[in-house]
Amino acid sequence: MRYPEASSPLSSRQVREELGGADAVIVALDELDAAAISAGRNLKVIAKHGVGVDNIDVGRAALGGITVVNAPGMNSTAVADLVMGLLLALQRKIVDAHNSLLEGRWERFHGPELVDRTMAILGFGRIGHEVAKRAHGFGMRVIAYDPFLAPAEFERAGVERCEEIDAALAEADVVTLHLPSTGTGPLLGGEAIGRMKPGAVLVNAARGDLVDEDAVVAALRDGALAGYAADAFAVEPPVGRPLLTAPNVVFTPHIGAFTDHANELMGMSVVEDILAVLSGRAPRHPVIIKD
Ligand SMILES: NC(=O)c1ccc[n+]([C@@H]2O[C@H](COP(=O)([O-])OP(=O)(O)OC[C@H]3O[C@@H](n4cnc5c(N)ncnc54)[C@H](O)[C@@H]3O)[C@@H](O)[C@H]2O)c1
């Protein structure tokens, strides 16, 4: 067992240098592209310490007979908690108020309450469901867009189903993203953001490439978007990116899953699945490539 010395996420080149003759590798957001996977001469299993596998070339792994596993559902409550934290920080200007107070001022900061406001969840999977529960707890109306789920899933959760993404965008005071990276460009570009309700805010604790960050900056500057909170960025870390200087933003460095509870659940799960694969048993959470 060895840990890399470089800080995560490792680039493909760094992964190649680290892999050596390892049978298994546990990754977070490290770049496991085709070149990195090919460099693992004994590699049999790649374990994602999390959910999203957009940093892993799952197709290349399959070609090489390498199993990919992940840890679905184990960080859902952790991410959902952070989403509500980001939303409250954005709406009530908690970060600005904190910084102002530390600078010796005693200013008044105003913002909206969440009660009776509408939240649209785009991608109503495990994290989306947990966010819906929390939003209901704050007295919000929750609507969701997820074309891959049966209507009964929405009903069970007390959430209104939107057939079209535009309906969700147009009705919501808060739009929050909980779907995987599309891999084909941003889900929300300038036009889609333009269809959001005046005064609405956007929260992205999914993946940075789901939004066109330049369009977000433009919309924040001209007031079309009232705020943007993110835990995920198109480039991580987003050093020097225009987004960092935009008004009405709150950011965290991709820490959605970083709670002790989630860390323990994900760690145990991936280790058990690695041991399963290495001893010829079926893992509990294999990542299957969809056509
Ligand atoms: N910030 C973090 O640290 C962090 C941690 C975990 C996961 N995530 C991100 O959150 C995402 C969701 O995680 P999850 O555990 O809820 O996954 P999940 O698989 O349980 O749910 C994803 C949902 O998105 C839906 N979906 C897929 N494509 C869609 C589309 N084009 N439009 C609408 N819905 C679509 C799916 O049907 C599914 O219900 C992950 O893919 C990952 O990118 C971020």
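Residues numbered from 1 in each chain as written. Predicted model: local features only at pLDDT ≥ 70, side-chain atom pairs only at ≥ 80, totals over all residues. Heavy atoms only, no water.

This is how it is decided: UniProt positions are given in the numbering used here, feature names are shortened, and annotations may be inferred rather than shown by experiment.
Per an unreviewed UniProt entry, the recorded name for the chain is D-3-phosphoglycerate dehydrogenase, and the organism is Brooklawnia cerclae. Here the chain is described in UniProt, under the heading Sequence similarities (unreviewed entry), as follows: "Belongs to the D-isomer specific 2-hydroxyacid dehydrogenase family."

## What to know about the layout of surface pockets
Cut-off, in case you're wondering: In this analysis, the protein atoms alone were mapped onto a 1 Å grid. Cavities are point sets where a 1.4 Å probe fits without being able to get out; pockets are open sets with protein on both sides within 12 Å along at least five of seven lines; lining residues have an atom within 4 Å of a point. Grid points are joined across faces, edges and corners, and a volume is the space filled by probe spheres set on the points. Three classes are used: nonpolar for Ala, Val, Leu, Ile, Met, Phe, Trp, Tyr, Cys and Pro, charged for Asp, Glu, Lys and Arg, and polar for all others, with Gly counted as polar.
For the second largest pocket, the calculated volume is near 450 Å³. In terms of lining, the second largest pocket is formed by 20 residues, of which the most central are Leu29, Asp54, Asn55, Ala234 and Glu236. The residue inventory of the lining of the second largest pocket, partitioned by class, reads seven nonpolar, seven polar and six charged.

## Some words on the nonpolar core
Most often, soluble globular proteins keep nonpolar side chains buried together rather than apart. What counts here: Side-chain atoms within 4.5 Å link the members of a nonpolar core, which is a set of buried Ala, Val, Leu, Ile, Met, Phe, Trp, Tyr and Cys residues. The rule is simple: take the accessible area with a 1.4 Å probe, protein chains only, and divide by the maximum for that residue type; under 20% is buried, over 50% is exposed, in between is partly exposed. Note on conventions: DSSP H or I runs of at least 4 residues are helices, E runs of at least 2 residues are strands, and numbering of each starts at the N terminus. Should any heavy atoms of two residues lie within 4.5 Å, those residues are counted as being in contact.
Core analysis: the biggest nonpolar cluster contains 31 residues, and Leu122, Leu188, Leu202, Val216, Leu225 and Tyr228 have the highest contact counts within it. For this core, the secondary-structure elements that each account for two or more residues are β4 (118-122), β5 (141-145), α8 (165-171), β7 (174-177), α9 (190-194), α10 (213-222) and β9 (227-230). Considering every element that reaches this core, the biggest residue donor is α10, with five residues. If we ignore the near neighbours within four places in the chain, the residues touching leucine 188 are Leu122, Ile165, Leu169, Leu177, Ile193, Leu202, Leu210, Val211 and Asp212. Of all hydrophobic cores here, the second largest spans 28 residues; its members include Ala80, Leu82, Ala135 and Val203.

## Topic: the sheet that holds strand β10 (residues 249-251)
What counts is decided by this rule: For two strands to count as paired, DSSP must find a minimum of two bridges between them. The axes used here are C-alpha line fits, helices contributing only the stretch in contact, and every angle between their N-to-C directions lies in the interval 0 to 180 degrees.
Taken together, the seven strands give an open sheet; going across it, the order is β6-β5-β4-β7-β8-β9-β10, and neighbouring strands pair in parallel fashion. Each edge of the open sheet carries a strand with a single partner, namely β6 (160-161) and β10. In this structure, β9 lies alongside β10, joined through three bridges in parallel fashion. Across the sheet, the residue bridging to alanine 229 is valine 250, located in β10. On top of the sheet, helix α6 (residues 126-137) reaches β4, β5 and β7; it is set at about 175° to β4, its chief contact.

## Some remarks on the site of the ligand
Quick reminder of the rule: In these notes, residues near a molecule or strand are those with any non-hydrogen atom within 4 Å of it. Any N or O atom pair separated by 3.5 Å or less is treated as a polar contact, with the protein-specific requirement of one donor-capable and one acceptor-capable atom, and with residues adjacent in sequence counted only for side-chain atom pairs. Reported accessibility uses the Shrake-Rupley method at a 1.4 Å probe radius. Residues are deemed covered only where the shown protein chains occlude them.
The environment of the ligand is formed by 22 residues, the closest being Arg126, Ile127, Asp146, Ala205 and Asp231. The contact in question runs from an oxygen atom of the ligand to an N or O atom on the backbone of glycine 125, over 3.5 Å. One of the side-chain nitrogen or oxygen atoms of histidine 254 is found 3.5 Å away from an oxygen atom of the ligand. Protein contacts shield 85% of the accessible area of the ligand, which totals 850 Å² for the unbound molecule. Across the shell around the ligand, the residue classes break down as twelve nonpolar, six polar and four charged.

## Considerations on the pattern of salt bridges
Defined as follows: By salt bridge we mean one thing: a side-chain nitrogen of Lys or Arg within 4 Å of a carboxyl oxygen of Asp or Glu.
Taken as a whole, this structure holds 16 salt bridges when the rule is applied. Arginine 2 serves as the salt-bridge partner of glutamate 18, at 2.8 Å between the closest nitrogen and oxygen. Separated by 16 residues along the polypeptide, glutamate 18 in helix α1 (residues 12-19) and arginine 2 in the segment before α1 bring together distant segments of the chain. Of the residues examined, glutamate 18 reaches a relative accessible area of 23% and is grouped as partly exposed. The class of arginine 2 is exposed, set by a relative accessible area of 58%. Between lysine 44 and aspartate 23 there is a salt bridge, with the nearest N and O atoms lying 2.6 Å from each other. With a gap of 21 residues between them, lysine 44 in the loop between α2 (34-38) and β2 (45-48) and aspartate 23 in the loop between α1 and β1 (24-27) connect regions that are remote in the sequence. The exposure class assigned to aspartate 23 is partly exposed, which follows from its relative accessible area of 35%. Here the residues in one salt-bridge network are Asp81, Glu130, Lys133 and Arg134, joined through shared partners.

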